[in-house]
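A structural walkthrough
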Amino acid sequence: MKDAVVIVNPHSGKEGQSELVNAISTHLRQFFDKVVPYVSKDAKDVSDIARAAREEGSTAVFVVGGDGTVSRAVRGLLDGAQDDEDLPILGILPGGTGNGFARVLGIPSAIPEALGEFNPTRKRRIDIVFANGTPYIYTLTGGSLPEGIREVPSEDKTRLGFFAYVASELQRIGDNEQHRLRISVDGKSREEQVNSFVAFSSNALVNLFTDQADAAIDDGLIHLLVLKDASLPALLSLAPDALRASIEDNDHTLYMHGTSMRIECLEGNLRCGMDGDDGPCLPVSLTIKPQRVSAFYGSQSTM
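No experiment lies behind these values; they were computed from the predicted model shown.

1. Let's talk about the overall build of the protein
Looking only at helices and strands, the protein has nine helices and 16 strands in total. Counting all 303 residues of the protein, 54% fall into the buried class. For the protein, long-range pairs separated by at least 24 residues make up 75% of all intrachain contacts whose partners lie at least 6 apart in sequence. Only carbon and sulfur atoms are counted for the fraction: they give 49% of the accessible area of the protein, which is about 13,600 Å².

Okay, here's the thing in C-alpha cells:
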C-alpha cells in the first residue's frame, strides 16, 4: 500500500495554512491509498514526524512550509537511518517565505498550483550536504549580507512575505565587515578576508552565478561562493559579471567546489545560517552524501 504523510507548519511564512489540510489530503488521495496529515507544533515536531514516517515505511513525506521546515523534515528522515536504507520520497508544497529549494525543484510557489501539477512519476535523487554532521537542503551562509535573512522577525515574514527578506538585504548593502577565514577544499587550504559566503546543497542554484560550475543537484560536489568585498563599489562591479553568469572573473569573489570542505574563522566568532535559520558557529566541516534523498520535482524544473 502506498501511503503519504503530510507535515504542515502553519506559522511558516504566512498564517492560516492549516485550513488547507483537508484540501491537500483530498488531492493526494488520488495518488496514495492513505494520506495522514499532521500540523506540527514546533521545529522538533517536524523532525520527529518525518522520522516516524520513515520508521513506519511511508512511501512519501510532503512538507508544507519553507526551506527551514523542509530542512528539519530531511533531518528527521535521515536521523538514525542506515546509509543504504530507503527513505520516503520528499514532496514539497511551498508554504514559507522564500521557498528557495522548491524553486530549484521547479515547484510552483502557490500550493494550489503545486498540487494541480503534481506528478508522482517526476522524482529524482538529490545530494545532501552535512554541516558538522547536520544535513541541510539549500544553503549554508556566513557573513554580514546573509545575516539579514535570519534576522527578519517572524511577524514581518507573515505580513510582508518575500519582500521582508529583500528589505532586510537592501539595508545591508555596503556593510563591508570582513572576517579572516581559512577555507579548505579537499585538503587544500587558503586564507582570505571574507565578507560573506554561501555553500550550496541545492547545487543547481550556483549556475545562476557562474557558467563554470555546470552544477546539478546530484553531481556529488559541494559548491562554495565567496564574496570578499561587499562595499558599494565592489557590489556595483559585480553587476556585469552577474549578468553574464561569470562572477568567478571578478576580483571580489571566489568560486570553489569539492567533495569536502572546512571553513574556519581565524579572528573572532562567526555564526552561520542554515536554510534561513541559525546554524553552527565556525569552524564548520562540510561533507556530502550523493543522491541520498529522492524528491518529487515540478514541471518548471531545469535540472
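2. What to know about the pattern of salt bridges
Following the criterion strictly, the structure yields 14 salt bridges and no others. The closest approach of N and O atoms between Arg54 and Glu85, which form a salt bridge, is 3.2 Å. On the criterion of sequence distance, the pair formed by Arg54 in helix 2 (residues 43-55) and Glu85 in the loop between helix 3 (67-78) and strand 4 (89-94) is long-range, its members being 31 residues apart. For Arg54, a relative accessible area of 8% corresponds to the buried category. Between Arg190 and Glu192 there is a salt bridge, with the nearest N and O atoms lying 2.9 Å from each other. Residue class for Glu192 comes out buried when judged on its relative accessible area of 14%. When salt bridges with common partners are traced through the structure, they connect Arg51, Arg54, Glu55, Asp79 and Glu85 into a single cluster.

3. With respect to the packing of aromatic side chains
Within this structure, the stated rule accounts for five aromatic pairs. Judged by centre distance (5.5 Å) and plane angle (75°), the rings of Phe62 and Phe118 are edge-to-face. Of this pair, Phe62 sits in strand 3 (residues 60-65) while Phe118 sits in the loop between helix 5 (111-116) and strand 5 (123-131), placing them 56 residues apart in sequence. Neither residue differs from the other here; Phe62 and Phe118 are each classed as buried. Ring plane angle 85° and centroid distance 5.0 Å describe the contact between Phe118 and Phe296, whose orientation is recorded as edge-to-face.

4. Description of empty space enclosed by the protein
To find the voids left in a structure, one rolls a probe of water-molecule size over its atoms. Under the defined criterion, the tally for this structure stands at two cavities of 30 Å³ or more. Each pocket or cavity is described by its volume, and for the largest cavity that value is around 100 Å³. Around the largest cavity, the lining is made up of 14 residues, and of these Ile92, Ile107, Ala114, Phe118 and Tyr297 lie nearest the centre. A per-element tally of the lining of the largest cavity places strand 4 first, with three residues. By volume, the second largest cavity amounts to about 30 Å³. For the second largest cavity, the full set of lining residues is Phe101, Ile126, Asp127, Ile128, Ile137, Ser201, Ser202 and Ile217. With three residues, the top contributor of residues to the lining of the second largest cavity is strand 5.

5. Here's the deal with the pairing of strand 10 (residues 196-200)
Burial analysis of strand 10 places five of its five residues in the buried class, the great majority of the element. Along strand 10, one buried face is formed by Ser196, Val198 and Phe200 and the opposite face, lined by Phe197 and Ala199, is buried too. Relative to strand 10, strand 7 (residues 139-143) is paired through five bridges, and the arrangement is antiparallel. If you follow Leu140 over to strand 10, its bridge partner there is Ala199. Relative to strand 11 (residues 222-227), strand 10 runs antiparallel, the two being bridged by five bridges.

6. A few points about the side chain of Asp275
Mapped onto the elements of the fold, Asp275 is located in the loop between strand 14 (271-274) and strand 15 (277-281). The buried charged residue Asp275 lacks any salt bridge partner; its closest oppositely charged side chain belongs to Arg75, at an N-O distance of 4.6 Å. A polar side-chain atom of Asp275 sits 2.6 Å from a polar atom in the side chain of Ser71. There is a polar contact of 2.8 Å between the side chain of Asp275 and the backbone nitrogen of Tyr138. When neighbours within four sequence positions are excluded, Asp275 is seen to be in contact with Asp67, Gly68, Ser71, Tyr136, Ile137, Tyr138 and Thr139.

Calculation criteria
Residues numbered from 1 in each chain as written. Predicted model: local features only at pLDDT ≥ 70, side-chain atom pairs only at ≥ 80, totals over all residues. Heavy atoms only, no water. Helix = DSSP H or I, 4+ residues; strand = E, 2+ residues; numbered from the N terminus. Buried < 20%, exposed > 50% of the residue type's maximum accessible area, 1.4 Å probe, protein only. Contact = heavy atoms within 4.5 Å. Areas by Shrake-Rupley, 256 points an atom, 1.4 Å probe, with all protein chains shown as cover. Salt bridge = Lys/Arg side-chain N within 4 Å of Asp/Glu carboxyl O. Phe/Tyr/Trp six-rings, centres within 6.5 Å; stacked < 30°, edge-to-face > 60°. 1 Å grid on protein atoms, 1.4 Å probe; cavity = no way out; pocket = protein on both sides within 12 Å on 5 of 7 lines; lining within 4 Å. Points joined across faces, edges and corners; volume = space filled by probe spheres on them. Pairing = 2+ DSSP bridges. Lys, Arg positive; Asp, Glu negative; His and termini not counted. Polar contact = N/O pair within 3.5 Å; in protein donor to acceptor, adjacent residues only side chain to side chain.

By themselves, these figures tell us nothing about what the structure is for.
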